[in-house]
Amino acid sequence: MPLSLHPAPIPYDDRLEEIAPDEAETTEQLIQTLTEINQTTLKHEGHANRSVHAKSHALLVGELTIADDLPRELAQGIFARPGRYPVVMRLSTVPGDILDDAVSTPRGMAVKIIGVEGERLPGSEGAVTQDFVMVNGPAFKAADAKKFASSLKLVAATTDRAERAKKALSAVLRGTERVIEAFGGKSSTLLALGGQPQTHPLGDTYYSQAPLRFGDYVVKVSVAPHSPNLTELTDASLPLQGRYDGLRDAMVEHFATQGGEWDLRVQFCTDLDTMPIEDASVPWPEEKSPYLDVGRIVVWPQPAWNDARQAAIDDGLAFSPWHGVQAHRPMGSVMRARRLAYRTMARFRAHHNGVAMNEPTSLADIGLDTP
């Protein structure tokens, strides 16, 4: 049964992308800055962490269910057939240094779906995974890779320095952000610098921010709380002063006795003027194109974080929107830059930590005890 979307989704066409003539140079600048962050944290911590989203707060395994009655427009790519797939989920915060959680920054969620079929993206040949990498805001903080590379230089200059000042600044920025939001606004810049409200991450909705192919169409992807025990945490206050790992502690406490369910959703591009492909800083208006469910992620009670999971998932896995199938090809400047940048950063971590990173074919490959 077809969907009643007005206007209709715009068909996928590779000509929707506009590649800047200096995009390769921009990507190299981005990789250089990310490497500087890696080298700084490696020197100070003796361990190679991610250059962004370094601190994990929950490392989970679960299952994605795809229903058998999706309308044709939603039955695209890996969602074209009903089924159940194991998933690995990593919840994190944005900075490349490991900070006290009182420095409140945007949260991330990376999802790795295992056992999918389809023609693979370049660099992902032979794997059977599909990754979605998301942050708890509908738009990216920079319009394109060039602007992101420029802003990342400031991040690199302040990595692993003056944590006490960062905590004080974060408190000020949270207050400023509350004022902005009281008048119906939101500042991605303030949020990124430390103005993220101190709320429970399990109540957040996460977004791909940049677009990707969805079979015959173009979408953005989102994961939103579904089960009541998660929706009741939306905007729930979670004070973090004096709790260095407060986010992690809260999620470990939650999953020690209960699980959770999320909806995996897509938002169709229906208007290129208000839903640009190349400008990731523009949120696509949901009143024109709402998010629609394509799957359900279920996570059962489990140890949400421990040393074994840190070794297996933090160090042993890499998440990238370019781990996947051609039917879900990442699109736009920011996504294109991530292809080489994420691969380079994963190799840096694997080399310095002395681990081999391989895409799993089952949860058993990760080496964790699971139900």
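For the structure itself, consult the block above.
Residues numbered from 1 in each chain as written. Predicted model: local features only at pLDDT ≥ 70, side-chain atom pairs only at ≥ 80, totals over all residues. Heavy atoms only, no water.

Enquirer: Which parts of the structure should I look at to understand the overall build of the protein chain?
Expert: Check the secondary structure of the protein chain and you find 8 helices and 9 strands. When the 371 residues of the protein chain are sorted by exposure, 55% land in the buried category. By sequence separation, contacts in the protein chain at least 24 residues apart represent 78% of the contacts at least 6 residues apart. Surface summary for the protein chain: the accessible area is close to 15,900 Å², and the carbon and sulfur share equals 53%. (Helix = DSSP H or I, 4+ residues; strand = E, 2+ residues; numbered from the N terminus. Buried < 20%, exposed > 50% of the residue type's maximum accessible area, 1.4 Å probe, protein only. Contact = heavy atoms within 4.5 Å. Areas by Shrake-Rupley, 256 points an atom, 1.4 Å probe, with all protein chains shown as cover.)

Enquirer: How should the pattern of salt bridges be read in this particular structure?
Expert: If charged atoms from side chains of opposite charge come close, those side chains can pair. Tallying each qualifying case throughout the model produces 20 salt bridges. The salt bridge partner of R296 is D263, with a shortest N-O separation of 2.7 Å. Pair noted here: R296 is in strand 9 (residues 292–299) and D263 is in strand 8 (residues 260–268), with a separation of 33 residues, a long-range link. Residue classification places R296 among the partly exposed residues on the basis of a relative accessible area of 27%. By sharing partners, the salt bridges in this structure join E17, E23, E278, R329 and R336 into a single network. (Salt bridge = Lys/Arg side-chain N within 4 Å of Asp/Glu carboxyl O.)

Enquirer: How should the nonpolar core be read in this particular structure?
Expert: The biggest cluster of nonpolar side chains holds 41 residues, and the ones touching the most others in it are F79, M89, M109, I113, W262 and I297. Sequence-distant contacts of M89, that is, excluding residues within four places in its chain, are made with A58, L59, L60, M109, A110, V111, W262, I297 and V299. In this structure, F140, A156, A210 and A280 belong to the second largest nonpolar core, which totals 18 residues. (Core = buried A, V, L, I, M, F, W, Y, C linked by side-chain atoms within 4.5 Å.)

Enquirer: Please clarify how the pairing of strand 4 (residues 129–135) should be interpreted in this entry.
Expert: Regular strands place their side chains on alternate faces of the sheet. By the criterion of burial, strand 4 is predominantly enclosed, with 7 of the 7 residues buried. Residues T129, D131, V133 and V135 of strand 4 are buried on one face, and the alternating residues Q130, F132 and M134, pointing to the opposite face, are buried as well. Where strand 3 (residues 107–114) meets strand 4, 7 bridges bridge the pair, whose relative direction is antiparallel. Bridging across to strand 4, I114 finds its partner in T129. (Pairing = 2+ DSSP bridges.)

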